[in-house]
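# Architecture and fold: a report
The lines below spell out each chain.
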Amino acid sequence: MKHIVQKQLAQSIATMQSVLADPQITDTIVTIAEITAKAMLDGRKLMIAGNGGSAADAQHLVAEFVARLTVNRPALRAVALTVDSSIITAIGNDFGYDDVFARQIEALGQPGDIFLGISTSGNSKNIIKALHLAREMGITTVGFTGNGGGKMLDICDHNVIIPSDVTMNIQESHIALEHIYCMLVERCYFGPTFETDYTSR
């Protein structure tokens, strides 16, 4: 059993090292943080969605924006499209599961907003449909994927593609980068004098 622990940790570290070595990922995280902060300063919002573990990531990341990541500060405008069971089940029942995020973007989205779709495969149909609608509505689209980007590659304005096809390792890298993304948005929003505290809550 111990060798499994060591093997999986080594695999996780190797994926993270690949992410660290990819300058495009670093550049994209900085870019989307700047764009997101500007949108929020302009009164717009960040919307996030995913399925399964990526739904949990969406909610986790929104919690960091609305509550806090490192220190107390004013709330930042973000919403997860994965949390309202009545909306999700109504849309799924009346229109189909592929529409559960697009319909919410139709209701809540505004030009200048940001939509972040999370899909380890890059091929989640409900994320793809939401991305298409978001672009039609003048909403900036961001994809967090793995697997070479999948079908989302060509329909996102900005792509963060983890160099792996192993779901758990993609998710581990996603959450690390999502934390950094939030941290950079804080810096861009509140200014260079914004103080951070990296200790535990």
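Residues numbered from 1 in each chain as written. Predicted model: local features only at pLDDT ≥ 70, side-chain atom pairs only at ≥ 80, totals over all residues. Heavy atoms only, no water.

## Thoughts on the packing of helix α3 (residues 53-66) against helix α7 (residues 167-190)
- Interaxial distance between α3 and α7 falls to 10 Å at its minimum, and their mutual angle equals 20°. The orientation of α3 with respect to α7, classified from their angle, is roughly parallel. Judged by the sense of rotation from one axis to the other, the crossing of α3 with α7 is right-handed. Side by side, α3 and α7 meet where Gly53, Ser54, Asp57, His60, Leu61, Glu64 and Phe65 of the first sit next to Gln171, His174, Ile175, Glu178, His179, Tyr181, Cys182 and Val185 of the second.
- Each residue belonging to the contact of α3 with α7 can be placed in one class, and the counts come to six nonpolar, six polar and three charged. (Axes fitted to C-alpha atoms, helices over the stretch in contact; angles between N-to-C directions. Helix = DSSP H or I, 4+ residues; strand = E, 2+ residues; numbered from the N terminus. Parallel < 35°, antiparallel > 145°, perpendicular 65-115°, else oblique. Left-handed = near helix turned anticlockwise from the far one by under 90°. Contact = heavy atoms within 4.5 Å. Nonpolar A, V, L, I, M, F, W, Y, C, P; charged D, E, K, R; others polar.)

## Quick notes on the sheet that holds strand β3 (residues 114-118)
- What the five strands build is an open sheet, ordered β2-β1-β3-β4-β5; its pairing is parallel. The outermost strands of the open sheet, each flanked by one partner alone, are β2 (78-80) and β5 (158-161). Neighbour-to-neighbour, the strand axes of this sheet turn through a mean angle of 15°, independent of strand direction.
- Judged from the three bridges that link them, strand β1 (residues 46-50) and β2 form a sheet pairing that is parallel. Bridge assignment links Ile48 to a residue of β2, and that residue is Ala80.
- α3 rests against β1, β2 and β3 of the sheet, and its axis sits at about 155° to β1.
- Running over the sheet, α7 touches β1, β3, β4 (140-145) and β5 and is turned about 140° from β4. (Pairing = 2+ DSSP bridges.)

## Comments concerning the pattern of salt bridges
- Inspection of the entire model under this criterion finds six salt bridges.
- Note that Lys38 and Asp42 form a salt bridge whose closest N and O atoms lie 2.9 Å from each other.
- Looking at Lys38, the relative accessible area reads 52%, which means it is exposed.
- Two residues, Arg135 and Asp157, come together in a salt bridge whose shortest N-O distance is 3.2 Å. Within this pair, whereas Arg135 is found in helix α6 (residues 125-136), its partner Asp157 is found in the loop between β4 and β5, the two being separated by 22 residues in sequence. (Salt bridge = Lys/Arg side-chain N within 4 Å of Asp/Glu carboxyl O. Buried < 20%, exposed > 50% of the residue type's maximum accessible area, 1.4 Å probe, protein only.)

## Remarks on the packing of aromatic side chains
- For the structure shown, the criterion picks out two aromatic pairs.
- For the pair Phe65 and Tyr181, a centre-to-centre distance of 5.8 Å together with 70° between the ring planes defines the contact as edge-to-face. Placement of Phe65 in helix α3 and of Tyr181 in helix α7 is noted, with a sequence separation of 116 residues between them. Considered together, Phe65 and Tyr181 belong to a single accessibility category, that of buried residues. (Phe/Tyr/Trp six-rings, centres within 6.5 Å; stacked < 30°, edge-to-face > 60°.)

## Some remarks on unusual backbone geometry
- With a phi close to 55°, Asn147 is a non-glycine residue in the positive phi region.
- Relative to the assigned elements, Asn147 resides in the loop between β4 and β5.

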